[in-house]
Amino acid sequence: MMSKYLFRDIHLGIFRRILLYSIVIIFSLAMVNPCVVAISLFKDMGLLNYEGTILDYYVFSMAGMRYYRFNPKVSFNLPLLWFAFQIGISYITAYYAVNDYSENGKNVIIAGKNRLAWWTSKMLWCALSVMVYYFISFLTCSVFALLHGARFSFTVSRKFFQLYFGYNTNYITDFDYILISIIVPLVTTISICLVQLLLSFVISPVSSFAISCSIYVLSAYYTTWLLPGSFTMWLRSSYFEKQGISPISGLLIATYLILVVCFVGELYFMKKQDLIRYMQMQKLRQ
């Protein structure tokens, strides 16, 4: 039953709405374009003699902003491209599940033999949606990099990152870059979108989307594990910034959120299904 639901959600929630996912192409191009400018500048200065790798371009685009320290003389500037990138997938996943429930979900939940299959399918759809979003972003950055002469390599150009981001990058390995710029942001975004998915049923899609936006804004201002949005910016990582947050902690927190959403969602829909049946029985008695 769940596989049937999931196939339906992938078809209606991803393939039929694939044009929505194309917005990430615009965001990715905007985030990765400064990498070309920086490499060209360093080449003109005689500091570099290569065009970088595809991983250089993607890691560059996922940098985010550095650890923010409050200073009354310095204004806080929200990294708009990072913010747009993150709320893009939050917007894409904000309404589909609730709309599907309003149109077909009540009858499907009642008729289905597996009470949790529908909710599990929606969770898997949400996670797959984030994966597709990130994959399109990585593909966009990779094609952009190759068109500008970059090498197809999953290594980072040490000298370029040292020149642009500073000497702290000397202590980050290639695997660490993959961890803090691909794996941790992906899992974190999945967890935030799943929390939003659950809240869209408990309160409303609009309110849950607004909460997600608030989390990202506060995450940019405060660097703390309580605001998971910071884990989507590798410049906030403890691997780069001494006062940063641990990416391993980010993975654990994201995993915890996913498990909580799974458990609470099951309880919510089990109770909701009983309520629907009760209302139907009351109508039949009347």
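First, a word on what this report is: a plain description of the structure on this page.

So, how was this worked out
- Residues numbered from 1 in each chain as written.
- Predicted model: local features only at pLDDT ≥ 70, side-chain atom pairs only at ≥ 80, totals over all residues.
- Heavy atoms only, no water.
- Helix = DSSP H or I, 4+ residues; strand = E, 2+ residues; numbered from the N terminus.
- Buried < 20%, exposed > 50% of the residue type's maximum accessible area, 1.4 Å probe, protein only.
- Contact = heavy atoms within 4.5 Å.
- Phe/Tyr/Trp six-rings, centres within 6.5 Å; stacked < 30°, edge-to-face > 60°.
- Salt bridge = Lys/Arg side-chain N within 4 Å of Asp/Glu carboxyl O.

### Topic: the overall build of the protein chain
Okay, step 1: Across its full length, the protein chain carries eleven helices and zero strands.
Okay, step 2: When its helices and strands are written in sequence order, the protein chain yields α-α-α-α-α-α-α-α-α-α-α.
Okay, step 3: With the principal axes as the frame, the protein chain shows a C-alpha extent of 85 × 40 × 30 Å.
Okay, step 4: Out of the 286 residues in the protein chain, the part that is buried amounts to 47%.
Okay, step 5: In the protein chain, the share of contacts with a sequence separation of at least 24, taken over all contacts with a separation of at least 6, comes to 78%.

### Re the environment of K4
Okay, step 1: Positionally, K4 belongs in helix 1 (residues 2-13).
Okay, step 2: C-alpha of K4 to C-alpha of I14: the two residues are ten residues apart in sequence and 15 Å apart in space.

### Section: the packing of aromatic side chains
Okay, step 1: Considering all chains together, one arrives at 33 aromatic pairs under this definition.
Okay, step 2: Taking 5.6 Å as the distance between ring centres and 80° as the angle between the ring planes, the aromatic pair formed by F152 and F154 counts as edge-to-face.
Okay, step 3: Taken together through their ring pairs, the aromatic side chains of F42, F60, F160, F161, Y164, F165, Y177, W234 and F240 make up a single cluster.

### A word on the pattern of salt bridges
Okay, step 1: One pass over the full model with this rule turns up six salt bridges.
Okay, step 2: Its salt-bridge partner being D174, residue R158 comes within 3.4 Å of it at the nearest N-O pair. Highlighted residues: R158 in helix 8 (residues 158-165) and D174 in helix 9 (residues 174-202), separated in sequence by 16 residues.
Okay, step 3: Note on R158: relative accessible area 33%, which makes it partly exposed.
Okay, step 4: Looking at D174, the relative accessible area reads 22%, which means it is partly exposed.
Okay, step 5: Salt bridges linked by common partners bring R8, D9, D100 and K122 together as one network.

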